[in-house]
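Chains, contacts and geometry: an overview
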Amino acid sequence: MTLWFFSVVGILVFIYYLVQFLVFSYLDCDLELYLLSKFGRSIDSLRGKVVWITGASSGIGRDLALLLAKHGVRLCLSSRKEPDLLKVKQECLEASNGALSSEDVLVMPMDMLDIDKHERYFDRVIEHFHTLDIVVNNAGRSQRADWNTIQLKVDRELFELDVFAVINLSRIALNYFVQNSIRGHIAVTSSVTGLVAFPNSATYTAAKHALHGYFETLQNEAFNVDVTIFCPGPTATNFLQECFTSKAGEKYNKPVNADDKRLTSKRCAELYAVSLANKLPMSWAGTRPMNFIFYLGCYYPNVKRILIKTLGIANIDRLRNGRPIQWN
């Protein structure tokens, strides 16, 4: 009887890991997010809510705004680039197919680094909509630089934008939700580098790990608020052009290669919206076979280290940049 029991358990464990391997070799997101995209709350459940998106003028932020507008979500769009925001607003109104009026999409140019003005920006959103349901902290910049060459000023500047500005705005939102007894929702665009440390992005990786520390702590505190950490993998946007390097004031300024295997910004935005609709604490998205590495990074760090050592740092960097593995 005992032998039979352990034999069954062993078979079930083997099947479980086989299914996990096949699933993460196929999907472009984590398993929970995929299942919820098919059977969970629809994006339409956000209809009528007010969502403030920073970094909304391009990339994931823009495509998320367009998708939410299509589902009748009222929007505040922010970034430093007002002309681009105005274009996104017009695209949102067209995507809504009449569900939104011009007053339902507020364009509010802002620089996330103007931390002293965050309260003023927040008050303007409330004055316009009289409420706020979700803050999507999407603004930020990535990095490409060798670890030993990074100037400390770059570390400070990247953390100011990708961490401290995000935390400051989120605390303002949290206090508003608490003081007004609103079950609010705070979301942050992290990165798969918050799960697995990739080479040549030390400061960016550290910043995303810091965000996970801050927001996972918030998830564990007794506030009546939902918190979503969304971790996109390699995505086809113009992010490389704006990347920090090792030198202060310098931008990487390179385009994404057209033949790189990356998740489209539109698909990434769709998965992000599903995460918001279902109030997922954390989810990730990316191309195959990256999701398997992300999964190991989350749940089996020791196995992850073995896998990274087997693949080699050069191949890990190639995967991060949407290129195939090369074996010697």
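Computed from a predicted model, the values in this text were never measured in an experiment.

Remarks on the overall build of the protein
- Helices and strands together make up the secondary structure of the protein, namely 12 helices and 9 strands.
- Computed over its C-alpha atoms, the radius of gyration of the protein comes to 20 Å, within 12% of the 20 Å expected for a compact globule of 328 residues.
- For the protein, the C-alpha atoms occupy an extent of roughly 65 × 55 × 40 Å along the three principal directions.
- Sequence separation of at least 24 residues holds for 72% of the intrachain contacts in the protein that already meet a minimum separation of 6.
- Summing over all exposed atoms, the protein offers an accessible surface of approximately 16,100 Å²; the carbon and sulfur share of this is 55%.
- Side chains of the protein carry 36 positive and 32 negative charges; the gap between the two charge centres is 5 Å.

Some points on helix α7 (residues 202-219)
- Here α7 spans 26 Å end to end across 18 residues, near enough to the 26 Å set by a 1.5 Å rise per residue.
- By the burial criterion, the buried members of α7 are Thr203, Tyr204, Thr205, Ala207, Lys208, Leu211, His212, Phe215 and Leu218.
- Lining the buried residues of α7 we find α6 (152-179), β5 (185-189), β6 (226-232) and β9 (282-285).

Describing the sheet that holds strand β1 (residues 50-54)
- Taken together, the 7 strands give an open sheet; going across it, the order is β3-β2-β1-β4-β5-β6-β9, and neighbouring strands pair in parallel fashion. Two strands close off the open sheet at either side, each with one partner strand: β3 (105-107) and β9. Neighbour to neighbour, the strand axes of the sheet diverge by 15° on average, direction disregarded.
- As paired elements, β1 and strand β2 (residues 74-78) share 5 bridges and run parallel to each other. Residue pairing in the sheet places Thr54 in a bridge with Ser78 of β2.
- On top of the sheet, α6 reaches β1, β4 (134-137) and β5; it is set at about 165° to β5, its chief contact.
- The sheet strands contacting helix α9 (residues 265-277) are β4, β5, β6 and β9, and the helix crosses β6 at an angle near 160°.

What counts and what doesn't
- Residues numbered from 1 in each chain as written.
- Predicted model: local features only at pLDDT ≥ 70, side-chain atom pairs only at ≥ 80, totals over all residues.
- Heavy atoms only, no water.
- Helix = DSSP H or I, 4+ residues; strand = E, 2+ residues; numbered from the N terminus.
- Rg over C-alpha atoms; globule rule 2.2 N^0.38 Å.
- Contact = heavy atoms within 4.5 Å.
- Areas by Shrake-Rupley, 256 points an atom, 1.4 Å probe, with all protein chains shown as cover.
- Lys, Arg positive; Asp, Glu negative; His and termini not counted.
- Charge placed at Lys NZ, Arg CZ, Asp CG, Glu CD.
- Expected span 1.5 Å × (residues − 1).
- Buried < 20%, exposed > 50% of the residue type's maximum accessible area, 1.4 Å probe, protein only.
- Pairing = 2+ DSSP bridges.
- Axes fitted to C-alpha atoms, helices over the stretch in contact; angles between N-to-C directions.

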